[in-house]
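Understanding the architecture of this molecule
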Amino acid sequence: MIYFDHNATTPMDDRVVEVMAPFLAKYYGNPSSLYRWGRIARDAIEQARAQVASLVNATPNQVIFTSGGTEANNLALQGWMRKFPGGKLAVSAIEHSSVLETAQGLQQQGWQTSFIPVQASGVISADALDELLDDSDIQLVSCMAANNETGVVQPVAELAQIARQHNTLFHSDAVQAAGKLPLDFPGMGVQMMTLSAHKIYGPKGVGALIVDKNLELMPLLYGGGQERRLRGGTENVAGIIGFGKAAELVLQERESQAKHLLSLRQQLEAGLMTIPGVEIFAQQIPRLPNTIQFGVNGVDGEMLVMSLDRENIAVSSGSACASGGSEPSHVLVAMGVEENLARSAVRISLGKDNTANEVERFLLSLQSILQSFGVI
Ligand SMILES: Cc1ncc(COP(=O)(O)O)c(C=O)c1O
């Protein structure tokens, strides 16, 4: 199988599995217990907290472990906005569903939500944010660091500065940027940031919200008092330990991985551009080194994904969470891409273990499938 869907999830690194294994079986103590077995689990969690903090240049006490990126995004938006009943928030139009639908859910319950538009390039409009914040009394802005579909890198520091000038809090979903771009929580000027372990070769079902120390959020889950009373529930000990190791590894290896990914991406793009009718979205814009989203005029993206699957190649049509639905990608629609072309979108997201040979095989398979469709 050629796996080209690393923005959906990544395989766990063997070194991550290795550190998790003892905490799945041998060290089963509850980290809140006072005796030695509890303390072993507690110490391991605190080490993981420091490892995750280092990945984004934060301090360990700024890390709140959650069940993943989705929960961290919910905690950021709901945890802050529930302090201001009837308040206002703004999220970009290209956010992941865990931000968009949380904002929509709050809207249904009486909060006011604005959607910040993106330019045709896929970049969130700083001018539009500035205008929006001039006009209204918004308590929270949420803009992602890099888009999961197009891979377009967003000007988060600039957007956060605009928010700061208007005394508005800023949250960034950095789930896709982590491990692929350098991240500096204090340097970016954001007050909350979301991370997820399974996008950086860690386990599924664990993530974190990085929270400015001075910020008081309302928890989504009460009880137990874990995670500074912000996330009740006995910790996912093995998952958190795996997350910590994955963060440590990706911090050390990111730069060399990025070089490898970029060279594969260039090879892939060069090949795609020789195929008539192929359009690479946001091609000239700074993107994650591993991500290419393209469309082929007259082809249905999901049909192409299924045909590639028969050739043992895993790619995705639009975002993983949206696949299965027949709606065109909301990200491409927000960029003004024509609906039929948006429906043809396929996303390739490369990973550290992919090879030039796999890229070559993919290009050959794609060409023969498009020939069988009669489009080239
Ligand atoms: C940008 C972005 N945010 C959040 C998430 C959700 O993270 P998780 O799967 O850990 O809930 C994803 C997953 O696809 C994502 O791509």
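In this text, all values refer to a predicted model and were calculated from it rather than measured experimentally.

**Digging into the environment of Val52**
Relative to the helices and strands, Val52 resides in helix H2 (residues 36-55). Val52 sits 11 residues away from Val63 along the chain, and the two C-alpha atoms are 7.5 Å apart. If near-sequence neighbours (up to four positions away) are discounted, Val52 is found in contact with Val63, Leu195, Ala208, Phe243, Gly244 and Ala247.

**Notes on the domain arrangement of the protein chain**
For the protein chain, the assigned domains read domain 1 (2-8 + 254-373) and domain 2 (14-249). The centre of domain 1, based on its C-alpha atoms, is set 27 Å off from the matching centre of domain 2. With 22 residues of domain 1 at the contact, the number on the domain 2 side is 20 residues. Looking at the side of domain 1 that touches domain 2, the elements with two or more residues in it are helix H8 (237-272), strand S10 (291-296) and helix H10 (330-334). In terms of residue class, the side of domain 1 that touches domain 2 is made up of 11 nonpolar, eight polar and three charged.

**A word on the sheet that holds S10**
The strand order across the open sheet built from three strands is S9-S10-S12, with neighbouring strands paired in antiparallel fashion. The sheet is open, and its two borders are formed by strand S9 (278-280) and strand S12 (346-349), each paired with just one other strand. Strand after strand, the sheet turns through a mean of 30° between neighbouring axes, direction not considered. Packing of H8 onto the sheet brings it into contact with S9, S10 and S12, and relative to S10 it is tilted by some 10°.

**Digging into the packing of helix H3 (residues 69-81) against helix H4 (residues 97-108)**
It is the contact of H3 with H4, at a shortest axis distance of 9 Å, that shows an interaxial angle of 30°. When the axes of H3 and H4 are compared, the pair comes out roughly parallel. As H3 runs across H4, the sense of the crossing is right-handed. Contacts from Gly69, Thr70, Asn73, Asn74, Leu77, Gln78 and Met81 of H3 reach H4 at Ser98, Val99, Thr102, Ala103 and Leu106. Residues of the contact of H3 with H4, tallied by class, amount to five nonpolar, seven polar and no charged.

**What about the nonpolar core?**
With 115 residues, the main nonpolar core has Leu89 and Ile210 as its most contacted residues. Tallying contributions element by element places H8 first for this core, with 13 residues. Looking at which domains feed residues into this core, each of domain 1 (2-8 + 254-373) and domain 2 (14-249) supplies at least three. When neighbours within four sequence positions are excluded, Leu89 is seen to be in contact with Leu77, Met81, Ala103, Leu106, Trp111, Thr113, Ile138, Gln139 and Leu140.

**What about the pairing of strand S4 (residues 112-116)?**
With five bridges joining them, strand S3 (residues 88-92) and S4 adopt parallel strand pairing. Looking across to S4, one finds that Ser92 is bridged to Ile116. Read as a crossover between parallel neighbours, the route from S3 over H4 to S4 is right-handed.

**Topic: the sheet that holds strand S6 (residues 169-173)**
Strand order in the open sheet formed by seven strands is S2-S8-S7-S6-S5-S3-S4, with mixed pairing between adjacent strands. Pairing within the sheet leaves two strands with one partner each, and these edge strands are strand S2 (63-66) and S4. Neighbour-to-neighbour, the strand axes of this sheet turn through a mean angle of 20°, independent of strand direction. Bridge count for S2 against strand S8 (residues 207-211) is four bridges, and the pairing is antiparallel. Looking across to S8, one finds that Ile64 is bridged to Leu209. Its contacts with the sheet place helix H5 (residues 126-135) against S3, S4 and strand S5 (140-142), and it is angled at close to 155° to S4.

**Observations regarding the packing of H8 against helix H12 (residues 356-373)**
For the pair H8 and H12, interaxial distance at closest approach is 10 Å and the crossing angle is 20°. One finds that H8 runs roughly parallel with respect to H12. Judged by the twist between their axes, the crossing of H8 over H12 is right-handed. Here Leu264, Gln267, Leu268 and Gly271 of H8 come into contact with H12, specifically with Ala356, Val359 and Leu363. Within the contact of H8 with H12, the residues separate by chemical class into five nonpolar, two polar and no charged.

Cut-offs used in this document
- Residues numbered from 1 in each chain as written.
- Predicted model: local features only at pLDDT ≥ 70, side-chain atom pairs only at ≥ 80, totals over all residues.
- Helix = DSSP H or I, 4+ residues; strand = E, 2+ residues; numbered from the N terminus.
- Contact = placed C-beta atoms within 7 Å.
- Domains from an automatic or database assignment.
- Nonpolar A, V, L, I, M, F, W, Y, C, P; charged D, E, K, R; others polar.
- Pairing = 2+ DSSP bridges.
- Axes fitted to C-alpha atoms, helices over the stretch in contact; angles between N-to-C directions.
- Parallel < 35°, antiparallel > 145°, perpendicular 65-115°, else oblique.
- Left-handed = near helix turned anticlockwise from the far one by under 90°.
- Core = buried A, V, L, I, M, F, W, Y, C linked by C-beta atoms within 7 Å.
- Buried ≥ 20, exposed ≤ 12 C-beta atoms within 10 Å, placed from the backbone.
- Right-handed = clockwise from strand over helix to strand, strands pointing away.

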